[in-house]
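Architecture and fold: a report
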Amino acid sequence: MNHLILVLNCGSSSIKFALYETDANGVPRQKTWGGKVNGITGQNPTYDTSRSAKAPLQLDPAKPYHSALEHIRNMVVQEQGERRLSAVAHRVVHGGSKYFAPVVITGEVLADLRTYIPLAPLHQPFALEAIDVLLGMYPRLPQVACFDTGFHHTLPMVEQILPLNWSYWENGVRRYGFHGLSYDFMSFALPERHGDLARGRTIVAHIGSGASLCAMQNLESVATTLGFSALDGLMMGTRTGALDPGAVLYMMEIEKLTLEQAGRVLYHNSGLKGISGVSDDTQVLLPLEAGNERVRIALALYVRRIAKEIAALATVTKGIDLLVFTAGVGENNAIIRERVCEELGWLGARLDPAANAANSPVISSADSAFTIGVEPTNEEWVMAQRTYELVGLEARPTPRLVPTAAEA
């Protein structure tokens with residue numbers, strides 16, 4: 001009998017959700033249904049699904065997050081019909097130095113994950129709140145934590161350690177890497193698309209509102225641009241990326257910014273938005289750059305940082321066999337891809353303009369020194385597939401853990 005797996009990706013003000021129905025071959029890549037609740041902590045929360053347009057949502061102002069989860073639960077019950085929900089997969093950003101592979105959540109695991117909140121304060125608390133709420137609702141329903149840091153557990157120590165006093169390494173202050181669920185999906189998709197080429201010197205550019213790069217060899221992470229926090233590496237929509245720490249000391253010592261104020265600058269008022277003064281969206285900025293110098297500079301720095309970091313990772317891998325763009329900007333913005341590859345022309349990067357404009361799976365020309373591709377990511381499916389494997393659903397009858405629509 002088929003199983004339903006619910007996938008949850010909980011942020012500070014939004015929750016993405018998706019249902020996957022298993023079949024005899026495992027978990028199909030296409031979800032059966034999904035959606036998003038937005039603006040949970042704001043004045044005008046909304047929700048939309050793959051079967052309904054955006055609509056306003058009334059939430060309990062005293063417990064808006066709990067209320068949003070209850071709304072999702074009610075929608076899931078209606079959507080599942082007479083089918084049975086067998087497991088829930090959660091995107092949990094940080095597994096610390098203890099959790100690499102997905103894990104079934106117990107009270108002990110949940111307590112451990114709470115200790116990692118200081119490592120990911122913008123994301124970790126909300127996933128754990130959702131887990132806690134669902135444990136109270138359905139204590140027998142298996143819940144699985146899938147970690148954004150997990151894929152990078154193969155990083156060699158020289159890529160993990162920070163140039164701080166040794167005691168910080170001993171206390172867990174190290175480069176963990178993120179966007180691991182996206183890179184995990186690439187470990188499935190790229191060999192399917194490119195065969196053994198993907199097992200060579202591959203660099204994946206996950207470029208969205210958050211952004212990072214991952215150098216892979218034999219489909220494993222060997223270097224990445226995000227490190228201890230989500231402020232490392234590439235310049236992003238609203239985040240700085242790698243920054244001279246002296247600039248932070250200046251903000252706090254000379255400008256007297258509090259820790260909270262400095263954090264807001266670094267996470268929310270920098271990057272494309274901070275430099276341009278207009279937007280964090282490349283699609284909004286590109287038409288404006290000819291008449292706005294700040295916009296032009298913002299985009300130029302954004303592209304330059306991506307190209308520089310790709311070249312840096314090529315030093316680790318001793319060359320490039322395959323460069324792949326993914327995530328929102330990487331998958332859909334041909335102009336940004338073109339500019340990045342122009343900066344990498346000295347490495348032999350050459351694009352096929354028509355293929356690039358069409359967001360084709362292969363966008364390099366025949367004379368390119370390495371293959372350049374575009375591959376849509378699918379983090380939700382990876383979470384469902386890993387949960388399917390971990391919980392052993394292929395060998396289990398469907399349990400009666402969550403009421404069907406008729407029983408609710």
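Fair warning: this is a prediction, and the values are worked out from it, not measured in the lab. Chains are numbered independently. Their residues run from 1 in the order of the written sequence. At least 70 in pLDDT is required for a residue's local features to be given in this predicted model, at least 80 for side-chain atom pairs to be given and counted, and no such filter applies to totals for whole chains, interfaces and linings, which use all residues. Side-chain metrics rest on all non-hydrogen atoms present in the structure, leaving aside hydrogens and water.

1. Let's talk about the overall build of the chain
Here a helix means four or more residues in a row that DSSP labels H or I, a strand means two or more in a row labelled E, and each is numbered from the N terminus. Scanning the chain for helices and strands turns up 15 helices and 13 strands. Values of the radius of gyration come from C-alpha atoms, whereas the globule rule sets the reference at 2.2 Å times the count of residues to the power 0.38. Taking 408 residues into account, the globule formula puts the C-alpha radius of gyration at 22 Å, and the chain, at 22 Å, falls close to it. Projected onto its principal axes, the C-alpha positions of the chain cover 65 × 55 × 50 Å. For each residue, the accessible area found with a 1.4 Å probe, counting protein chains only, is set against the maximum for its type, and the residue is called buried under 20%, exposed over 50%, and partly exposed in between. For the chain, buried positions account for 54% of its 408 residues. Only the protein chains shown count as cover for residues, and the accessible areas themselves come from Shrake-Rupley with a 1.4 Å probe. As presented, the chain carries roughly 18,100 Å² of accessible surface, and 53% of it is formed by carbon and sulfur atoms. Charge convention: Lys and Arg are scored as positive, Asp and Glu as negative, and His as well as the terminal groups of each chain are ignored. A charge is said to be at NZ when it belongs to Lys, at CZ for Arg, at CG for Asp and at CD for Glu. Distance between charge centroids for the chain: 2 Å, based on 35 positive and 41 negative side chains.

2. Looking at empty space enclosed by the protein
Space inside and on the surface of the protein is sampled on a 1 Å grid over the protein atoms alone, with a cavity defined as a set of points where a 1.4 Å probe fits but cannot get out and a pocket as an open set with protein on both sides within 12 Å along at least 5 of 7 lines; lining residues have an atom within 4 Å of a point. Grid points are joined across faces, edges and corners, and a volume is the space filled by probe spheres set on the points. Counted by the stated rule, this structure contains 2 cavities of 30 Å³ or more. In this model, the largest cavity occupies a volume close to 100 Å³. Lining the largest cavity we find 12 residues, and of these Leu6, Arg73, Leu85, Leu134 and Tyr138 sit closest to its centre. Those elements that provide at least two residues to the lining of the largest cavity are β1 (4–10), α1 (64–80) and β6 (85–92). Gly is put with the polar residues, along with every residue not named as nonpolar or charged; the nonpolar set is Ala, Val, Leu, Ile, Met, Phe, Trp, Tyr, Cys and Pro, and the charged set is Asp, Glu, Lys and Arg. Tallied by class, the residues present in the lining of the largest cavity amount to 11 nonpolar, no polar and 1 charged. Taken as a whole, the second largest cavity encloses approximately 30 Å³ of empty space. Lining the second largest cavity are Asn9, Cys10, Arg91, Val92, Val93, His123, Gln124 and Ala127.

3. What to know about the side chain of His194
Inspection of the secondary structure puts His194 in helix α6 (residues 180–194). Its relative accessible area of 15% is what places His194 among the buried residues. Note on definitions: a residue-residue contact is assigned when non-hydrogen atoms from the two residues lie within 4.5 Å. Residues in contact with His194, not counting those within four places in the same chain, are Leu322, Pro361, Val362 and Thr371.

4. A few points about the packing of helix α7 (residues 245–253) against helix α8 (residues 259–268)
Packed helix pairs are specified by the crossing angle of their axes together with the interaxial distance, meaning the distance between the axes. Contact geometry of α7 with α8 gives a least axis separation of 10 Å together with a crossing angle of 135°. Considered as vectors, α7 and α8 are oriented oblique to each other. α7 and α8 meet at a crossing whose hand is right-handed. Residues Val248, Met251 and Met252 of α7 form the contact with α8, whose own contacting residues are Leu259, Ala262, Val265 and Leu266. Grouping the amino acids of the contact of α7 with α8 by side-chain chemistry returns 7 nonpolar, no polar and no charged. Interaxial angle, 0 to 180 degrees, is taken between N-to-C directions of lines fitted to C-alpha atoms, where a helix line uses only the stretch in contact. Roughly parallel here means an angle under 35 degrees, roughly antiparallel means over 145, roughly perpendicular means 65 to 115, and every remaining angle is called oblique. Should the near helix be turned counterclockwise from the far one by less than a right angle, the crossing is left-handed, whereas a clockwise turn marks it as right-handed.

5. Remarks on the state of the cysteines
Disulfide: a pair of cysteine sulfur atoms within 2.5 Å of each other. Tallying each qualifying case throughout the model produces 0 disulfides. The thiol sulfur of Cys146 is not disulfide-bonded, and the nearest other cysteine sulfur, from Cys10, lies at 12 Å. Judged by relative accessible area, Cys146 falls into the buried class, the value being 1%. Cysteine Cys341 is unpaired, with the sulfur of Cys214 as its nearest cysteine sulfur at 18 Å.

6. Quick word on the layout of surface pockets
Of the volumes computed, that of the largest pocket is approximately 1,400 Å³. The wall of the largest pocket is formed by 46 residues, among which Lys16, Arg91, His123, Ser209 and Arg239 lie closest to the centre. Those elements giving two or more residues to the lining of the largest pocket turn out to be β1, β2 (15–21), β3 (33–38), α8, α12 (327–332) and α15 (379–391). Split into classes, the residues belonging to the lining of the largest pocket amount to 14 nonpolar, 21 polar and 11 charged. Approximately 1,000 Å³ is the volume attributed to the second largest pocket. In terms of lining, the second largest pocket is formed by 29 residues, of which the most central are Phe228, Ser229, Leu231, Val248 and Leu266. Residue assignment for the lining of the second largest pocket shows that the elements contributing at least two residues are α7 and α8. Class assignment of the residues belonging to the lining of the second largest pocket gives a composition of 21 nonpolar, 5 polar and 3 charged.

7. As for the sheet that holds strand β9 (residues 202–207)
Here, any two strands with at least 2 DSSP bridges between them count as paired. The 5 strands are arranged β11-β10-β9-β12-β13 in an open sheet whose pairing can be described as mixed. The strands lining the two open edges of the sheet, one partner per strand, are β11 (220–224) and β13 (371–374). Taking the axes of each pair of neighbouring strands and ignoring which way they run, one obtains an average angle of 25° across the sheet. As judged from the 4 bridges shared by strand β12 (residues 322–326) and β13, these two strands associate in the parallel manner. Along β13, the bridge assignment pairs Phe325 with Val374.

8. With respect to the pattern of salt bridges
One speaks of a salt bridge when a side-chain nitrogen belonging to Lys or Arg is within 4 Å of a carboxyl oxygen belonging to Asp or Glu. For the structure shown, the criterion picks out 16 salt bridges. Here Asp232 ties to Arg175 by a salt bridge, and the two come within 3.6 Å at their closest N and O atoms. Residue Asp232 is located in the loop between β11 and α7, and its partner Arg175 is located in the loop between α5 (166–170) and α6; the two are separated by 57 residues in the primary sequence. The salt bridge partner of Arg386 is Asp184, with a shortest N-O separation of 2.8 Å. Taken as a pair, Arg386 in helix α15 and Asp184 in helix α6 lie far apart in primary sequence, 202 residues in all. Residue Arg386 is classed as partly exposed on the basis of its relative accessible area, which comes to 23%. Taking the relative accessible area as the measure of exposure, Asp184 reaches 10% and is therefore buried. Sharing partners across several salt bridges, the network here consists of Glu159, Arg175 and Asp232.

9. Here we look at the packing of α1 against helix α3 (residues 124–137)
Where α1 meets α3, the axes come as close as 10 Å, and the angle between the chain directions of the two elements is 60°. One way to sum up the angle between α1 and α3 is to call them oblique. The two elements α1 and α3 meet at a crossing, and its hand is right-handed. On the side of α1, the interface is formed by Tyr65, His66, Leu69, Glu70 and Arg73, while α3 contributes Phe126, Glu129, Ala130, Val133 and Met137. The class makeup of the residues in the contact of α1 with α3 is 6 nonpolar, 1 polar and 3 charged.

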